[in-house]
Amino acid sequence: MVFASYMLTYRLKIMKKAYFILPLVFALFLNACNTKKQHSKDSDLLTIESPYLGQKPPGLIPKAFASGLVSTEHYEYGGAFTPDMKEFYLIRGDDENKKQEFVVFQYKNNQWHETVISPRIGQPTFSPDGKTMHLGRRYMERTDTGWSERKSLDLPFKDIRIMRLTASANGTYYFDTYDEKKPDFPIRYSRLIDGKYEKPKELSKAINTGTQLNHPFIAPDESYLIWDAVREGGYGDSDIYISFRQEDGSWSAAINLGDKINTDGWDAAASVTPDGKYIFFHRTISTGNEDTLPNVDIFWVDAQIIETLKPKK
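What counts as what
- Residues numbered from 1 in each chain as written.
- Predicted model: local features only at pLDDT ≥ 70, side-chain atom pairs only at ≥ 80, totals over all residues.
- Heavy atoms only, no water.
- Helix = DSSP H or I, 4+ residues; strand = E, 2+ residues; numbered from the N terminus.
- Buried < 20%, exposed > 50% of the residue type's maximum accessible area, 1.4 Å probe, protein only.
- Areas by Shrake-Rupley, 256 points an atom, 1.4 Å probe, with all protein chains shown as cover.
- Phe/Tyr/Trp six-rings, centres within 6.5 Å; stacked < 30°, edge-to-face > 60°.
- Lys NZ or Arg CZ within 6 Å of the ring centre and 35° of its normal.
- Pairing = 2+ DSSP bridges.
- Contact = heavy atoms within 4.5 Å.
- Polar contact = N/O pair within 3.5 Å; in protein donor to acceptor, adjacent residues only side chain to side chain.
- Core = buried A, V, L, I, M, F, W, Y, C linked by side-chain atoms within 4.5 Å.

### Quick look at the overall build of the protein chain
Counting secondary structure elements, the protein chain contains two helices and 23 strands. Buried residues in the protein chain amount to 42% of all 313 residues. Here the protein chain displays about 18200 Å² of accessible surface, and carbon together with sulfur accounts for 53% of that area.

Here is the structure:
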């Protein structure tokens, strides 16, 4: 009887300890699961925030983007990320370096995959909402399965030869106009008004001065415009310039991006990554001959230079 009473007391003590221990164990288990999930989320965020094909970002001195993978001894041009930063498009010379092809790097299953899409179909830029890929006067729309077939802009753009068209967040188009007989053809813009585009207008002389006025890039909020041109006082061939929108809506005097970006060769076709962190542009490393394309590389640099050049109030 005494033994039975002792065992009952012992069991009650064990049960009492278990009553306190089991919730603790369960809490630790939940915390471990949550920690694992949080680590997973952190990893995903890191991937989304740093998607530049695994490349170490540059500082204020430009460097070739993804040397050996994207920038090689051949022709690479038109590099642009989609707004979600998970696709990188470019134009490059093929293996024989005589033709141009349209290429994409896509981020899938935690890896970047390279695909040749087609022969060159235009210089890609993307609307800020990611729904449209502009290819000069042509464009494609994002669908559930990829991109639509190529379409062409109708009036008032139908008869204009456009190399690069870039769109602001409110839908305004900024674009160059190409004419072999007129190297100083102006950069124009067209606003979307009541669902229709107005007749294109020339930008002011602050921008349309010099020759070979090409490859505009408009900030999504239209606070600045970047383009390239051959202008007096430049470093040689085509240089990259920036102009800032002023309070009265006019454009500031053109500012050369300086000798860290511009050289005595061809520096052109600049744009800013959708996250606003880097400027991508293109530079001729060496000219080709009648049988080959020139060696053009894609460069990138910290976009802090934009803030540095912005006129102080």
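### Regarding the packing of aromatic side chains
The way to describe two aromatic rings as a pair is by their centre distance and the angle between their planes. Tallying each qualifying case throughout the model produces 27 aromatic pairs. Ring plane angle 90 degrees and centroid distance 5.6 Å describe the contact between Tyr52 and Phe81, whose orientation is recorded as edge-to-face. Of the two residues, Tyr52 sits in the loop between α1 (2–49) and β1 (63–64) while Phe81 sits in strand β2 (residues 76–81), which places them 29 residues apart along the sequence. Residue classification places Phe81 among the buried positions, given a relative accessible area of 6%. Their ring planes at 80 degrees and their centres at 5.0 Å tell us that Phe65 and Trp300 sit as a pair that is edge-to-face. Pair noted here: Phe65 is in the loop between β1 and β2 and Trp300 is in strand β23 (residues 295–302), with a separation of 235 residues, a long-range link. Taken together, the ring pairs in this structure connect Tyr52, Phe65, Phe81, Phe88, Tyr278, Phe280 and Trp300 into an aromatic cluster. Taking the ring centre of Tyr241 as reference, the NZ or CZ of Arg231 above it sits at 5.2 Å.

### Some points on the sheet that holds strand β18 (residues 224–230)
What the four strands build is an open sheet, ordered β17-β18-β19-β20; its pairing is antiparallel. The sheet is open, and its two borders are formed by β17 (211–218) and β20 (255–256), each paired with just one other strand. Looking at chain direction, β17 and β18 are connected through four bridges and run antiparallel. Directly across from Ile218, in β18, lies its bridge partner Leu225.

### Overview of the environment of Leu69
Here Leu69 lies in the loop between β1 and β2. A relative accessible area of 39% means that Leu69 is categorised as partly exposed. Not counting the four nearest positions on each side in its chain, Leu69 is found in contact with Leu53, Gln55 and Phe105.

### Quick look at the side chain of Thr166
Examined against the element boundaries, Thr166 turns out to sit in strand β11 (residues 165–167). At a separation of 3.4 Å, a polar atom in the side chain of Thr166 contacts the main-chain amide nitrogen of Ile218. Those residues in contact with Thr166 that lie beyond four places of it in its chain are Thr125, Thr172, Tyr173, Tyr174, Pro216, Phe217 and Ile218.

### Points about the nonpolar core
With 18 residues, the main nonpolar core has Tyr224, Ile226, Ile279 and Ile306 as its most contacted residues. If you list the elements that add at least two residues to this core, you get β18, β19 (239–244), β21 (267–272), β22 (278–286), β23 and α2 (304–309). With three residues, the single largest contributor to this core is β19. Those residues in contact with Ile279 that sit more than four places away from it in its chain are Leu257, Ala270, Ser271, Val272, Phe299, Trp300, Val301, Ala303, Ile305 and Ile306. Counting 16 residues, the second-largest nonpolar core is a separate cluster that includes Tyr77, Phe102, Met140 and Ala268.

### Quick notes on the sheet that holds β1
With respect to topology, four strands assemble into an open sheet ordered β1-β23-β22-β21, the strand pairing being antiparallel. In this open sheet, the two edge strands, each paired with only one partner strand, are β1 and β21.

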